[in-house]
Amino acid sequence: MPEIYGPKYRDYPLSKLIDTLRMVRVTCRYCKRQHNYQPSDLIQIFGDVDVDSLAERMTCEGGGRAHGRLDVVAFVPTGREAVGLRIRRLVAIKVNRVPVWREDPAP
């Protein structure tokens, strides 16, 4: 089935999805989890990358890399689909600070 956003030989950045009011649907093939994201939230995390490259950058929350690649699709929600559509929104980005120690030699 052809993708909505065009041929695979062209890069299609996330910023173009914002202009056309599209969303990103990410589905795990193994555990069948499905999440819908706003492109602006994904740009804050991954930068303005190609839509197809998100499949390698994201992992399943249920099983991590053991579940394999995720299916990433850009779509425009239809009227019927948009009524009950649950969208995952970015609340905050946590940065884990871990101290690294070094021993100084004795004088």
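Residues numbered from 1 in each chain as written. Predicted model: local features only at pLDDT ≥ 70, side-chain atom pairs only at ≥ 80, totals over all residues. Heavy atoms only, no water.

Before going further, it helps to spend a moment on the overall build of the protein. Check the secondary structure of the protein and you find four helices and four strands. Going from the N terminus to the C terminus, the protein shows its helices and strands as α-β-β-α-α-β-α-β. Over its C-alpha trace the protein gives a radius of gyration of 18 Å, far above what one expects of a compact globule, namely 13 Å for 107 residues. Along the three orthogonal principal directions, the C-alpha set of the protein runs to about 75 × 30 × 30 Å. Here the protein, with 107 residues, has 28% of them falling under the buried criterion. (Helix = DSSP H or I, 4+ residues; strand = E, 2+ residues; numbered from the N terminus. Rg over C-alpha atoms; globule rule 2.2 N^0.38 Å. Buried < 20%, exposed > 50% of the residue type's maximum accessible area, 1.4 Å probe, protein only.)

Applying the stated criterion across every chain, the model contains zero disulfides. Free of any disulfide, Cys31 has its nearest neighbouring cysteine sulfur in Cys60, separated by 3.5 Å. The class of Cys31 is partly exposed, set by a relative accessible area of 29%. (Disulfide = S-S within 2.5 Å.)

This brings us to the confidence of the model for the protein. Summing up the model confidence of the protein, the mean pLDDT is 86 and the portion of residues at 70 or higher is 91%. The least confident element of the protein, judged by mean pLDDT, is helix H4 (residues 79-83) at 86; the most confident is strand S2 (residues 34-37) at 94. (pLDDT = per-residue confidence, 0-100.)

Before going further, it helps to examine the pattern of salt bridges. Side-chain pairs of opposite charge can arise where the charged atoms are in close proximity. With the rule as written, the count across this model stands at six salt bridges. Note that Arg29 is salt-bridged to Asp71, the shortest N-O span being 2.8 Å. Within this pair, whereas Arg29 is found in the loop between strand S1 (23-28) and S2, its partner Asp71 is found in strand S3 (residues 70-75), the two being separated by 42 residues in sequence. Using a relative accessible area of 48% as the deciding quantity, one classes Arg29 as partly exposed. In this structure Asp71 comes out as partly exposed when scored by relative accessible area, which is 29%. (Salt bridge = Lys/Arg side-chain N within 4 Å of Asp/Glu carboxyl O.)

A cluster of nonpolar side chains, Ile45, Ile93 and Val95, forms an exposed patch at the surface whose accessible area comes to about 310 Å². Among the secondary structure elements, Ile93 is positioned in the segment after strand S4 (87-88). (Patch = residues over 30% accessible without salt bridge, like charges linked within 9 Å, V, L, I, M, F, W, Y side chains within 5 Å. Areas by Shrake-Rupley, 256 points an atom, 1.4 Å probe, with all protein chains shown as cover.)

Two strands pair when backbone bridges link them, and S1 and S2 are joined in this way by four bridges, in the antiparallel orientation. Within S2, the residue paired with Thr27 across the bridge is Gln34. Two strands pair when backbone bridges link them, and S2 and S4 are joined in this way by two bridges, in the parallel orientation. The residue of S4 that forms the bridge with Asn36 is Ile87. (Pairing = 2+ DSSP bridges.)

Counting residues in each nonpolar core, the largest one holds 17 residues, and the members touching the most others are Leu14, Val24 and Leu54. Only helix H1 (14-19), S1, helix H3 (54-57) and S3 provide two or more residues apiece to this core. Residues contacting Leu14, with those up to four places away along its chain left out, are Val24, Pro39, Leu42, Ile43, Gly47, Asp48, Val49, Val51 and Leu54. (Core = buried A, V, L, I, M, F, W, Y, C linked by side-chain atoms within 4.5 Å. Contact = heavy atoms within 4.5 Å.)

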